[in-house]
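Residue strings, one per chain:
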Amino acid sequence: MNMANKKKVCVIGAGPSGMAALWNFSKLKSGNDVDVVCYEKQKSWGGLWNYSWRTGTDGYGEPCHAGMYKHLWSNGPKECLEFPDYTFEKHFGKAIPSYPPRPVIKDYLEGRWTSNVDLRPYIKFNTVVRHVEYNDLDKKFIVEITNLETDQSSKETFDYVIVATGIFNVPNVPDLPGIDTFEGTIQHVHNFRDAKEFKGQRLLIVGASYSAEDLALQCLKFGAKSVVCTWRTKPMGFNWPKGIEERPLVQKFDGNVAYFKDGSNAEIDAVIFCTGYKYSFPFMEGKLRLQSSLSMFPDNLYKGSVYLLGGNNQLFYMGIQDQLYSFTMFDVQALWICKYILRNISNEPKSLSEMKSNAQRWCQNCSELKKCHDEIDFQTKFIADLSKDVGYYPDATKAREMFYTWEHDKEKNIVTYRDQCFTSIYTGTKSPRPTAPWWQAKDDSIKAFVNKK
Ligand code: FAD
Ligand code: NAP
């Protein structure tokens, strides 16, 4: 194929989603048919899995992307997100426990991105995408970028754009009556870095999902005096250890006292908002900008990937689903998108109306999900649906049963669920128990967890 006919593909973001796209393009040996460029505003790959002490803005004055904190352990079993072709056992040369801390997961991801592939040449680091627009006449995207090191901006044209900029980086921070005069400290979990900061304090955590659950436990583990979690829709309802309790939504603050919907009140030293994130794609021109709040199947995306309101089926959003499976979901989605671009997909949709009605059916089913089990089943079906089009590993959805067990373990004991052991779908090896129970483990290094000499 001559250079002029090559399809030009722009991937925005080198987190786990964008890297899955690069990995799959590279594996399909598509170099003869496509030119792929990835723009990443951070200095390295890994997205949220990069830890940084910074909050607010980075060294270039850009909003800090990563919001992971010290002592963050995986909150799902690694066996549910393991790559079929690149297992944890293969990466570490031995079986390791089921719930690794952040540095272990990051190391594993990097292993897949560097084992028998060289993905770095695709990526332009320290480069932020400022604006993307689509020209209907020549059917191309114009992508405006800024090299943050030189502060030089330029424009490039592409045939396809894959947006993989993540969904958990722009905090949702509601206002609460009287909070401006609250006497203690206030922050969103996006800016939380180390639970030790809250030693001896009485915390109020707003929210009732994964961040609220993890921060309540983390802070107590590292010496907080007490934690009240306050919920809007429903409490988390776990069997909490002494020191953590749940109350209905805080109604107002007066000095350092928080007043709750049930008429109770509590003295508080610090408030942490664990109130989720906003979908934000400010760099996309209006007609290309996905509008959604957290969902397992955002509207207007065929196969959860092809944007249906602009861009002539040449625009894709990746990893914008609420995530249980995470890495395997990104992987099959990436394979699907790569094959779609290479026109190498079975069951190609025949028309835009067919794509729209298919997407609407998935959205409708998604809107009917009630319990965690329903969500597990739904995401399993989503992965299976993409897999059947592109021949992704048939075992990848076997993790469903493990997710059921995970949910059950959490209900049984929220403090010990991370000490449980799961069996790898691909190696058949049962993971060993962690050297220290999660509640006592305070060293999140690879050395401590993997027990490497
Ligand atoms: P991200 O990881 O957010 O990566 C997006 C990338 O895009 C970033 O590198 C960013 O710098 C780049 N970018 C953004 N805007 C631009 C731009 N305009 N120009 C150029 N580059 C840009 N998942 C799990 O499976 N297990 C866990 O235990 C787990 N823990 C989590 C804990 C926290 C606190 C949070 C917030 C999330 C957690 N997740 C976890 C979910 C997480 O979303 C995924 O694991 C994964 O990081 C998503 O990958 P992504 O590539 O879609 O997005
Ligand atoms: P989330 O799942 O979107 O939850 C947001 C929470 O905020 C919900 O409970 C929601 O309550 C509440 N909320 C939103 N607006 C509110 C308001 N105005 N008043 C009161 N409550 C409000 O976000 P998240 O918990 O931050 O999780 C994000 C991702 O990070 C998930 O993928 C999670 O797995 C991951 N994570 C992982 C770990 C780990 O240990 N590895 C730790 C933290 C986070 P309603 O139910 O009322 O809407």
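Trainee: Any chance you could explain the overall build of the chain here in plain terms?
Mentor: Along the backbone of the chain there are nine helices and 18 strands. Against the compact-globule benchmark of 22 Å for 453 residues, the chain has a radius of gyration of 22 Å, which places it among compact chains. Referenced to the eigenvectors of the C-alpha coordinate spread, the extents of the chain come out at roughly 70 × 50 × 45 Å. Classification of the 453 residues of the chain by burial places 54% in the buried group. A fraction of 67% describes how many contacts in the chain between residues 6 or more apart in sequence connect residues 24 or more apart. For the chain, the computed accessible surface area is about 19,700 Å², with 47% contributed by carbon and sulfur atoms.

Trainee: It is not clear to me how the site of ligand 1 should be interpreted in this structure. Could you clarify?
Mentor: Not every one of the 30 residues close to ligand 1 is listed here, only the nearest: Ser17, Glu40, His65, Gln323 and Ser326. Asn75 places a main-chain nitrogen or oxygen 3.2 Å from an oxygen atom of ligand 1. Ser326 is positioned with one of its side-chain polar atoms (N or O) 2.6 Å from an oxygen atom of ligand 1. For ligand 1, whose accessible area on its own is 990 Å², the fraction buried by protein is 92%. Of all the secondary structure elements, the ones that give two or more residues to the shell around ligand 1 are helix 1 (16-27), strand 4 (127-135) and helix 5 (327-341). At three residues, strand 4 tops the list of elements feeding residues into the shell around ligand 1. A breakdown of the residues in the shell around ligand 1 according to their chemical character gives 15 nonpolar, 13 polar and two charged.

Trainee: Just checking my understanding: could you explain the packing of helix 5 against helix 7 (residues 372-390) for this structure?
Mentor: Helix-helix packing: each pair is described by the crossing angle between the helix axes and the interaxial distance. Running from amino to carboxyl end, helix 5 crosses helix 7 at an angle of 35°, the nearest separation of the two axes being 9 Å. The handedness of the crossing between helix 5 and helix 7 is left-handed. Across the interface between the two elements, Met329, Val332, Gln333, Leu335, Trp336 and Lys339 of helix 5 pack against Gln379, Phe382, Ile383, Leu386, Ser387, Asp389 and Val390 of helix 7. Taken together, the residues of the contact of helix 5 with helix 7 break down into eight nonpolar, three polar and two charged.

Trainee: Explanation requested: the site of ligand 2 in the structure shown.
Mentor: The environment of ligand 2 is made up of 22 residues, and the closest members are Ala208, Ser209, Ser211, Arg232 and Thr233. Here a nitrogen atom of ligand 2 and a side-chain polar atom of Asn172 are 3.5 Å apart. Contact between ligand 2 and Ser211: an oxygen atom at 2.5 Å from a side-chain N or O atom of the residue. Coverage of ligand 2 by the protein amounts to 81% of the 930 Å² it exposes when considered alone. Of all the elements, helix 4 (residues 210-221) adds the most residues to the shell around ligand 2, at three residues. Its residues assigned to classes, the shell around ligand 2 shows twelve nonpolar, seven polar and three charged. Counting residues domain by domain, the shell around ligand 2 receives three or more from each of domain 1 (3-169 + 277-403) and domain 2 (174-273).

Trainee: Please explain the pairing of strand 2 (residues 34-39) as it appears in this structure.
Mentor: A regular strand places its side chains so that they alternate between the two faces of the sheet. Most of strand 2 is tucked away: five of the six residues are buried. In terms of strand pairing, strand 1 (residues 7-12) meets strand 2 through six bridges, oriented parallel. In the strand pairing of strand 2, Lys7 is matched with Val34.

About the thresholds
Residues numbered from 1 in each chain as written. Chains lettered and ligands numbered in written order. Predicted model: local features only at pLDDT ≥ 70, side-chain atom pairs only at ≥ 80, totals over all residues. Heavy atoms only, no water. Helix = DSSP H or I, 4+ residues; strand = E, 2+ residues; numbered from the N terminus. Rg over C-alpha atoms; globule rule 2.2 N^0.38 Å. Buried < 20%, exposed > 50% of the residue type's maximum accessible area, 1.4 Å probe, protein only. Contact = heavy atoms within 4.5 Å. Areas by Shrake-Rupley, 256 points an atom, 1.4 Å probe, with all protein chains shown as cover. Near = heavy atom within 4 Å. Polar contact = N/O pair within 3.5 Å; in protein donor to acceptor, adjacent residues only side chain to side chain. Nonpolar A, V, L, I, M, F, W, Y, C, P; charged D, E, K, R; others polar. Axes fitted to C-alpha atoms, helices over the stretch in contact; angles between N-to-C directions. Left-handed = near helix turned anticlockwise from the far one by under 90°. Domains from an automatic or database assignment. Pairing = 2+ DSSP bridges.

Shape is all these values report; function is a separate question.
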